[in-house]
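# Structural features, examined
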Amino acid sequence: MNQLSRSLLFVASVASLTACGVAPTPRAAAPVVADATFDALSASTLQKAFTRVHRAIFNTIDADKDGWLNEYEVGRHMTMAEFRKADKSQGWGSAGRLSRTEFVDYATRTFLWFHQDRDSFANSFRQSLARAFNRLDTNDDGLLIKNETSLADLRRLGLTFQYPKLHITVPIRKVTPEQFQGADKTGDGKLSQAEFEDLYIEMVVAALGGDAAPAPAPAPPAQPVPPAPPAPAGK
């Protein structure tokens, strides 16, 4: 596979969007204008978006679904040095495991920007999404309709979210009507590039299994209390 023509890398060694498949016929990129009513992925909004992504990654890594990450669960995703740095509760009862908040805060603060300028990171992220957007925009009108984000379109594009730093890779194969409608901030049934960026984050979070905290396990049913034995008869 020709990586130059068939891959769209966000940022080396941080997070990437890979688009594989048949290389499209070269064409002029349609002009993409972000809606004035929608906040595009600036550095600050990208950080908020990746906070959600990191919450979803936490749920993926949390194999036993107990709401904590232990050193075995993070073994292939973080080094022990990183694990200890993220563990702010050392010396307390939860030492040696990461809470959801500890993991998300550490990943967002330490892994996301990968020592790059925040605005440069956001710009390169948006440029890669713009290339994916333009490949989906088959009629070159600078907008995406539902028919251009079908399962067949996504399969043809071969979107895959990769987070090499955490050794996470998930295919992006589905857009639900609810996701499309939620991203369509203007309600016109079409997505601008800025709206597509929002949709992409929703697709990534969904592909990772969602960012909501798992529901606590139900408490075991109360056991009936056996009746007290009768008092011995008085003499």
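Scroll up to find the structure.
Residues numbered from 1 in each chain as written. Predicted model: local features only at pLDDT ≥ 70, side-chain atom pairs only at ≥ 80, totals over all residues. Heavy atoms only, no water.

### Quick notes on the overall build of the protein chain
Summing up its helical and strand segments, the protein chain has eight helices and five strands in all. In sequence order, the protein chain lays out its α and β elements as α-β-α-β-α-β-α-α-α-β-β-α-α. Counting across all 235 residues of the protein chain, residues that qualify as buried make up 43%. Sequence-distant contacts, at least 24 apart, represent 66% of the contacts inside the protein chain between residues at least 6 apart. Of the roughly 12,900 Å² of accessible surface on the protein chain, a fraction of 57% belongs to carbon and sulfur atoms. (Helix = DSSP H or I, 4+ residues; strand = E, 2+ residues; numbered from the N terminus. Buried < 20%, exposed > 50% of the residue type's maximum accessible area, 1.4 Å probe, protein only. Contact = heavy atoms within 4.5 Å. Areas by Shrake-Rupley, 256 points an atom, 1.4 Å probe, with all protein chains shown as cover.)

### Re helix α2 (residues 43-61)
Between the first and last C-alpha of α2 there are 26 Å, a value that for 19 residues agrees with the 27 Å anticipated at 1.5 Å per step. Buried within α2 are the following residues: Ala43, Thr45, Leu46, Ala49, Phe50, Val53, His54, Ala56, Ile57, Phe58, Asn59 and Ile61. (Expected span 1.5 Å × (residues − 1).)

### Let's talk about helix α4 (residues 100-111)
Taking 1.5 Å per residue as the helical rise, α4 with its 12 residues ought to reach 16 Å, and the 16 Å between its terminal C-alpha atoms agrees with that figure. Of all the residues in α4, the buried ones are Arg100, Glu102, Phe103, Val104, Tyr106, Ala107, Thr108 and Phe111. Next to the buried residues of α4 lie α2, β2 (68-70), α3 (80-86), β3 (97-99) and β4 (159-163).

### A closer look at the environment of phenylalanine 83
By secondary structure assignment, the location of phenylalanine 83 is in helix α3. Here phenylalanine 83 falls in the buried class, since its relative accessible area comes to 4%. When the C-alpha atoms of phenylalanine 83 and leucine 69 are compared, they prove to be 9.5 Å apart, with 14 residues separating the residues in sequence. In this view, phenylalanine 83 contacts Leu69, Asn70, Glu71, Val74, Met78, Gly96, Arg97 and Leu98; residues no more than four positions away in its chain are not counted.

### A short note on unusual backbone geometry
Most of the time, phi is negative for any residue but glycine, and the peptide bond is trans. Despite not being glycine, lysine 65 has its phi angle at roughly 55°, a positive value. Looking at the secondary structure, you find lysine 65 in the loop between α2 and β2. Here histidine 167, not a glycine, exhibits a phi torsion of approximately 55°, which is positive. Residue placement: histidine 167 occurs in the loop between β4 and β5 (168-171). Judged by relative accessible area, histidine 167 falls into the partly exposed class, the value being 46%.

So far we have only geometry, and geometry alone does not tell us how the molecule works.
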